[in-house]
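Descriptive structure summary
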Amino acid sequence: MVAAVRKWTAVIMRCHVLYVMYSRAGLLETLHSRADPLIRYIAWADRQVVAAFPFSEESLYAFACECEGKCAPSFLKSLMSSISFCFHILGAGSAQEAMNSKRLVGVAKACYLTKRKRFQRPPLTTEMVLRLERLVVSSSGDRVDRFIAGFFLLSVYMRGRYSDTQNMCNIFEDRPSPDPTGLGGYLQADVARSKTAYTTERKTQLLPMVAPRHGLSDEDWFTAWSQVRKDLKVPIGEGKPVLPAILTTGHWAGHPPSASVAAGWLRSLLRKCGFSELQCSRVGTHSCKATCLSWCARFGIDSYDQRVLGFHTAPGDRSAQVYSRDAVSSSVRVLEGVLSRIRKLEFAPDNTRSGYFPTVDDADAGYDVEGSGSEASLDEEEDEADCEQLEIALDSVADDWAEETPKRPLRAEQLVRNRASRMLHVIADESGNVLTCGRACTRNYEKVAAVPSFLYPVCSRCFAVVQRDPEGSPKAAPSQPPEGD
Ligand SMILES: [Zn+2]
């Protein structure tokens, strides 16, 4: 039986359709994300001693109900996508009943909607944005704080998700001349996003992002931020995150901090700006994306402009248009109008509904900033929390496997996982301060309880060294003084 499955695995690995479709950049991610929910389902079925395949609507429903209370909001939606993938791509006929099951679709939808509501991050208040702008331009402020604050302002005005803001490249100012206020014009950037769609079209999308230079204060926060970025020698370039993680040595890392770590930085900045624990506690990275969008929705701007500003599309919109710089620019001018009304104190979006406009009656802001559209504007902090469930399931379901086979046995004490990327690394020496690939072993890494049988994803540099004969490997640098933590 096992041999037969292995044969089929080999066939599928070479299967032309799958290979051509999914070996392309970005789409490999689709294969992973379609498999992951099924791995968790199989692990659950094994525990219940029921057969995972052929699909049984009843078992899937029982699984879904059990997950509902503890999974990430999008998990059951992903499970439904995986089932449909099995039907359409792998030809699993038993998937059809599950796909058509009203109660299964219902629980997935309900889980998504209710949890999203419960966990929804509140937008930043106008006062929070104002104080962040003032912090970035304050010459007496801590430079790292000023740099981080500017990053979040970029996210606010560009309406970018955390990962979008991290992936921005070619950030530049487009200033008019003459520029009488000193704050005319726009900030522009490109964000490369990989689409996880069944079709191979538009696999990598370059999303143009445009934001007004003039925020809520009359301060030129962007220029101040660019200067601080230069002063702090933050690495800039292709593949470099806009806001890198900070190593214990105080140097910039080559990777971004996880969304949860970044959210912690944002809350800590807000506390330094004078906001209470209570005011900051629910703020997350997604608050930044929601901020301008919620102001615009409350102002009651046209829903088409709202979608363009939020990078959403609705049926009937031509997405090519939504993603063009010209279309974005005209909607950004609408946003400029809203910001100007806030500056003039004619519009107060933080007030309760009846008080938005100090003089005018409230028009209902019906548009759900987070809800509709093609963009999965998921909260990236929640997705991180779900990884562990998958890793546990993988160990019980998948065969022993490693992308890079270690030649000598690994001990659990040697292995650490990056909390954000989940990548496995090997500790270099007894001190435990350095990883074999040269990275510092910071708090961003956690020890593993046992050596996972499914070694994935692994750091190729760490594992390449492990594969070499230990005698032949160069001796590590003189051992560092042991330290706590
Ligand atoms: Zn490594």
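Just so it is clear, the structure is predicted and the values come from calculations on it, not from any experiment.

Definitions and limits used
Residues numbered from 1 in each chain as written. Predicted model: local features only at pLDDT ≥ 70, side-chain atom pairs only at ≥ 80, totals over all residues. Heavy atoms only, no water. Donors = N, O, S within 2.8 Å, 3.2 Å for Na, K, Ca; no water. Tetrahedral: all angles 85-135°; square planar, octahedral: opposite > 155°, others 65-115°. pLDDT = per-residue confidence, 0-100. Contact = heavy atoms within 4.5 Å. Pairing = 2+ DSSP bridges. Helix = DSSP H or I, 4+ residues; strand = E, 2+ residues; numbered from the N terminus. Axes fitted to C-alpha atoms, helices over the stretch in contact; angles between N-to-C directions. Parallel < 35°, antiparallel > 145°, perpendicular 65-115°, else oblique. Left-handed = near helix turned anticlockwise from the far one by under 90°. Nonpolar A, V, L, I, M, F, W, Y, C, P; charged D, E, K, R; others polar. Buried < 20%, exposed > 50% of the residue type's maximum accessible area, 1.4 Å probe, protein only. Salt bridge = Lys/Arg side-chain N within 4 Å of Asp/Glu carboxyl O.

1. Quick notes on the coordination of the zinc ion
Within the protein, His425 (ND1), Cys437 (SG), Cys459 (SG) and Cys462 (SG) serve as the donor atoms for the zinc ion, at 2.1 to 2.4 Å. Note that the zinc ion binds four donor atoms; their angles at the metal cover 103 to 119°, and the shape is tetrahedral. Each donor residue of the zinc ion lies on one chain, and together they are spaced H-x11-C-x21-C-x2-C.

2. Examining the confidence of the model for the protein
The pLDDT averaged across the protein works out to 80; a share of 75% of its residues lies at or above 70. Low confidence marks residues 195–202, where pLDDT is under 50. Its contacts with residues over four positions away, or in another chain, come to 21 contacts.

3. Some words on the sheet that holds strand E5 (residues 415–418)
One open sheet holds the three strands; their spatial order is E6-E5-E7, and the pairing between them is antiparallel. With partners counted over all chains shown, the strands left at the sheet margins are strand E6 (424–426) and strand E7 (445–447), one partner each. Taken pair by pair, the neighbouring strands of this sheet meet at an average axis angle of 40°, ignoring direction. Pairing geometry for E5 and E7, over three bridges, is antiparallel.

4. Observations regarding the packing of helix H8 (residues 126–137) against helix H9 (residues 143–158)
The relative placement of two packed helices is expressed as an angle between their axes plus a distance between the axes. At a minimum axis distance of 8 Å, the contact between H8 and H9 shows a crossing angle of 135°. With respect to their mutual orientation, H8 and H9 come out oblique. Classified by chirality, the crossing of H9 by H8 is left-handed. Contact residues: Val129, Leu132, Glu133, Leu135, Val136 and Val137 in H8; Asp145, Arg146, Ala149, Gly150, Leu153 and Tyr157 in H9. Considered class by class, the residues forming the contact of H8 with H9 number eight nonpolar, one polar and three charged.

5. Here's the deal with the packing of H9 against helix H11 (residues 221–231)
For the pair H9 and H11, the least separation of the axes is 9 Å and the interaxial angle reads 135°. By the angle between their directions, the pair H9 and H11 is classed as oblique. Taken as a pair, H9 and H11 cross one another with a handedness that is left-handed. Where H9 abuts H11, its residues Arg143, Arg146, Phe147, Gly150, Phe151, Leu153, Leu154 and Tyr157 lie against Trp221, Phe222, Ala224, Trp225, Val228, Arg229 and Asp231. Looking at the contact of H9 with H11 residue by residue, the classes come out as 10 nonpolar, one polar and four charged.

6. Some details on the pairing of E5
The alternating pattern of E5 places Leu415 and Arg417 and Val416 and Asn418 on opposite faces, both of which are buried. For E5 and E6, the ladder comprises three bridges, and the chain directions are antiparallel. Pairing of valine 416 across the sheet is with histidine 425, part of E6.

7. Thoughts on unusual backbone geometry
The omega torsion of the bond from serine 177 to proline 178 falls at 0°, within 30 degrees of zero and hence cis. At valine 49, a residue that is not glycine, the phi angle is positive and equals roughly 55°. By the secondary structure assignment, valine 49 is in the loop between helix H3 (28–48) and helix H4 (57–68). A relative accessible area of 74% places valine 49 in the exposed class. The backbone of asparagine 170 shows a phi angle near 50°, a positive value even though the residue is not glycine. Here asparagine 170 lies in strand E1 (residues 168–174).

8. Re the side chain of serine 155
With respect to the helices, strands and loops of the structure, serine 155 is situated in helix H9. Overall, serine 155 belongs to the buried group, its relative accessible area being 2%.

9. Focus: the pattern of salt bridges
Under the defined criterion, the tally for this structure stands at 14 salt bridges. A salt bridge links glutamate 127 to arginine 131, with the shortest nitrogen-to-oxygen separation between them at 3.1 Å. Taken as a pair, glutamate 127 and arginine 131 lie in helix H8 at a separation of four residues, close to a single helical turn. We classify glutamate 127 as partly exposed; its relative accessible area is 31%. Assessed through its relative accessible area of 27%, arginine 131 is described here as partly exposed. Sharing partners across several salt bridges, the network here consists of Glu173, Arg175, Asp179, Arg213 and Asp220.

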